[in-house]
Amino acid sequence: MMSPLDPNVLFQLGPLAITQAIVTTWVIMLLLVGSAFFLTRQLTLLPSKRQAAIELIVTTLDTQINETTGASPAPYRSFIGTLFLFILVANWSSLIPGVEPPTAGLETDAALAILVFVSVIWFGVKGSGPLGYLKSFAAPNPVMIPLNILQSLTRVFSMFVRLFGNVMSGVFVVGIVASLAGLLVPIPLMALDVLTGLVQAYIFAVLAMVFITSTVEDGQRLNPKRQEK
Amino acid sequence: MTIDFWGMGLQAINVLILIWLLSRVFWRPVAAAIAKRQEEAASLIETAEATQTKMDDELEDVMQDRAGIGAERSEILDTARKEAAATTKNTLAEARDKADAMLASAKTTIEQGRETAQKENETQAAELAMKIAARLLGRLNSAATQSAFLSQLIEAIADIPPADLTALSDDPKGIEVVTASDMTVDHKEIEKALQTALGGKPKLKFIMDPDLIGGLELRSAHFALHNSWQADLKQIQKAVRDAA
């Protein structure tokens, strides 16, 4: 049995090793974009059931962002929503036999964590200015600057490790049980993976949201001249 | 366990592209549709509130107009009542005037009728009196009466102007001497007296006319000298009629 920690390289493209996780990511991208394009083709003022369903998704996301952070959801909707949908679909892709979820690989989770790290800086600078963003490290007082800098790195690292560990362990356990007990035995574990995948996607998205908005709020509080628009 | 940084970068790019694509084809269009519906709903609510406010104002105007209509109705009814009373009063006054006029006209007509009847009665009484008088005078037709009439005739001839007297006596057709009866007339005496009074030799012709009652008259083609009870009664009757 192949270790889930080893990437399954399908082919080499120059220095890029195209793994199964990357290909699965492309498939997920096509699936999400195609579905989104199909679902949003005919948006009308009087919504159909299909439109009502996708509007419910967006409204729920907006409500979650607003209730979690108190901020306006518009600037963060695309980033947080896409992170949630991608991680959810990636986690649930493990239910298809023979498909290795991209989030079970180090590279995908690390990339997601880096994107959260960069988005914290991006939204922090955009919301409270460069000085405000830098001042956010001095919250609640300058003594905390080293710890805040360290925290900004470790918190995204913990997100990366949490997502990777949960998804990888699920895939790993299902693989071991399937190899030992047969095809139908891992089904309860796979059902558990469905719940785990949903919870992990939700946690990753909510934590990213909290990190971004806390940085923006700290920067705006310490640099009142720059208010979030 | 190693990390493939090239693979990590590629996945980061993949996720960024996915974020961008979904932002374009999913999140923004759906959020825009929701916002548009909210705007439409807000606009509809605003329009509905404005319409309700307008309707409330119009309802208030209608209520005011209704109150005004009630007052105007009362005023019109009062005016109509007053006009009806005035019209009734005028009509009654006109009817009373007409009735008075008709009454006066009837009185006048009755008075005229009465007067006419009185005149007729008087006329009839006069005629009756004339008939009675004529009958009574007819009984008095004697020779003495005839002689008196002859004397009066001679006196009347004497009052005729000479030119007319000459024309009368020279009339070729002659002069008719009208008497009421032959019983009491002496033609020769009359002829003699007339020739004397007229002068010359007039052609005399005696005619009897009982209507004279009594008396003696001369008649020619262009002349008549009345001298009889009949002429006297006619004169009296005319005088009585003129007096009536």
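As a reminder, the structure under discussion sits directly above these lines.
Residues numbered from 1 in each chain as written. Chains lettered and ligands numbered in written order. Predicted model: local features only at pLDDT ≥ 70, side-chain atom pairs only at ≥ 80, totals over all residues. Heavy atoms only, no water.

1. Thoughts on the overall build of chain A
Inference 1: Scanning chain A for helices and strands turns up 6 helices and 2 strands.
Inference 2: With respect to the three principal axes, the spread of C-alpha positions in chain A is 60 × 50 × 40 Å.
Inference 3: Burial statistics for chain A: of 229 residues in total, 45% are counted as buried.
Inference 4: At a minimum sequence separation of 6, the contacts of chain A that also span at least 24 residues come to 68%.
Inference 5: Of the roughly 11600 Å² of accessible surface on chain A, a fraction of 73% belongs to carbon and sulfur atoms.
Inference 6: Once the 12 positive and 11 negative side-chain charges of chain A are each reduced to a mean point, those two points are 13 Å apart. (Helix = DSSP H or I, 4+ residues; strand = E, 2+ residues; numbered from the N terminus. Buried < 20%, exposed > 50% of the residue type's maximum accessible area, 1.4 Å probe, protein only. Contact = heavy atoms within 4.5 Å. Areas by Shrake-Rupley, 256 points an atom, 1.4 Å probe, with all protein chains shown as cover. Lys, Arg positive; Asp, Glu negative; His and termini not counted. Charge placed at Lys NZ, Arg CZ, Asp CG, Glu CD.)

2. Re the pattern of salt bridges
Working definition: two side chains of opposite charge can pair if their charged atoms are close together.
Inference 1: Summed over the entire model, instances satisfying the criterion amount to 7 salt bridges over all chains.
Inference 2: Close ionic contact of Arg37(B) with Glu55(A) constitutes a salt bridge, the shortest N to O distance being 2.6 Å. Taken together, the residues span two chains, with Arg37(B) in helix α1 (residues 5-139) and Glu55(A) in helix α2 (residues 49-69).
Inference 3: The residue Glu217(B) makes a salt bridge to Arg219(B) at a minimum N-O spacing of 3.3 Å. (Salt bridge = Lys/Arg side-chain N within 4 Å of Asp/Glu carboxyl O.)

3. Overview of unusual backbone geometry
Working note: non-glycine residues mostly have negative phi, and peptide bonds are mostly trans.
All names here are of chain B.
Inference 1: For Ile213, which is not glycine, the phi torsion reads 70° and is therefore positive.
Inference 2: Mapped onto the secondary structure, Ile213 falls in the loop between β2 (204-208) and β3 (216-219).
Inference 3: Classification of Ile213 as buried rests on a relative accessible area of 14%.

4. Remarks on the interface of chain A and chain B
Inference 1: The interface is formed by 42 residues belonging to chain A together with 30 residues belonging to chain B.
Inference 2: Taken together, the two surfaces of chain A and chain B that pack against each other cover about 3400 Å², and 80% of this comes from carbon and sulfur.
Inference 3: Three residues stand out in chain A for area buried against chain B, namely Leu45(A), Thr82(A) and Glu107(A), and they jointly supply 17% of the buried area on that side.
Inference 4: Taken together, the connections running from chain A to chain B amount to 1 salt bridge.
Inference 5: Counting the contacts that link chain A with chain B gives 10 residue pairs in polar contact (both at pLDDT 80 or more).
Inference 6: Taken together, the elements giving at least two residues each to the side of chain A that touches chain B come down to β2 (16-19), α1 (20-39), α2, α3 (74-92) and α4 (106-135) of chain A.
Inference 7: If you tally residues by element for the side of chain A that touches chain B, the top one is α1(A), at 9 residues.
Inference 8: Here the residues of the side of chain A that touches chain B sort into 30 nonpolar, 9 polar and 3 charged. (Buried area = accessible area lost by both parts, 1.4 Å probe. Polar contact = N/O pair within 3.5 Å; in protein donor to acceptor, adjacent residues only side chain to side chain. Nonpolar A, V, L, I, M, F, W, Y, C, P; charged D, E, K, R; others polar.)

5. Let's talk about a nonpolar patch on the surface
Inference 1: Together, Leu10(A), Phe11(A), Leu13(A) and Trp26(A) give the surface a local cluster of nonpolar side chains, amounting to about 380 Å² of exposed area.
Inference 2: You can see Leu13(A) is positioned in strand β1 (residues 9-13). (Patch = residues over 30% accessible without salt bridge, like charges linked within 9 Å, V, L, I, M, F, W, Y side chains within 5 Å.)

6. Brief notes about a negative patch on the surface
Inference 1: Taken together, Asp56(B), Asp57(B), Glu58(B), Glu60(B), Asp61(B) and Asp65(B) make up a surface patch of like negative charges.
Inference 2: For Asp57(B), the location among the structural elements is in helix α1.

7. Here we look at the pairing of β2(A)
All names here are of chain A.
Inference 1: Along β2, one buried face is formed by Leu16 and Ile18 and the opposite face, lined by Ala17 and Thr19, is buried too.
Inference 2: Inspection of the sheet shows β1 paired to β2 by 4 bridges, in the antiparallel sense. Paired with Val9 across the bridge in β2 is Thr19.
Inference 3: In this antiparallel pair of consecutive strands, β1 and β2, the connection spans 2 residues, and Gly14 shows a positive phi of 65°. (Pairing = 2+ DSSP bridges.)

8. Overview of the nonpolar core
Inference 1: Grouped together as the largest cluster of nonpolar side chains are 55 residues, with contacts concentrated most on Tyr76(A), Phe79(A), Ile80(A), Val116(A), Leu22(B) and Phe26(B).
Inference 2: Of all the elements in the fold, those that place two or more residues in this core are α1, α2, α3, α4, α5 (145-181) and α6 (187-222) of chain A together with α1 of chain B.
Inference 3: For this core, the leading source of residues is α1(B), giving 11 residues.
Inference 4: Membership of the second largest hydrophobic core comes to 16 residues, among which are Ile157(B), Ile160(B), Ile190(B) and Leu194(B). (Core = buried A, V, L, I, M, F, W, Y, C linked by side-chain atoms within 4.5 Å.)

9. Some remarks on the pairing of β3(B)
Residue and element names in this part refer to chain B.
Inference 1: For strand β1 (residues 175-179) and β3, the ladder comprises 4 bridges, and the chain directions are antiparallel. Pairing of Glu176 across the sheet is with Arg219, part of β3.
Inference 2: Direction of pairing for β3 relative to strand β4 (residues 224-225): antiparallel, over a ladder of 2 bridges. For Arg219, the partnering residue across the bridge sits in β4 and is Ala224.
Inference 3: Hairpin connection, β3 to β4: the antiparallel pair is bridged by 4 residues.

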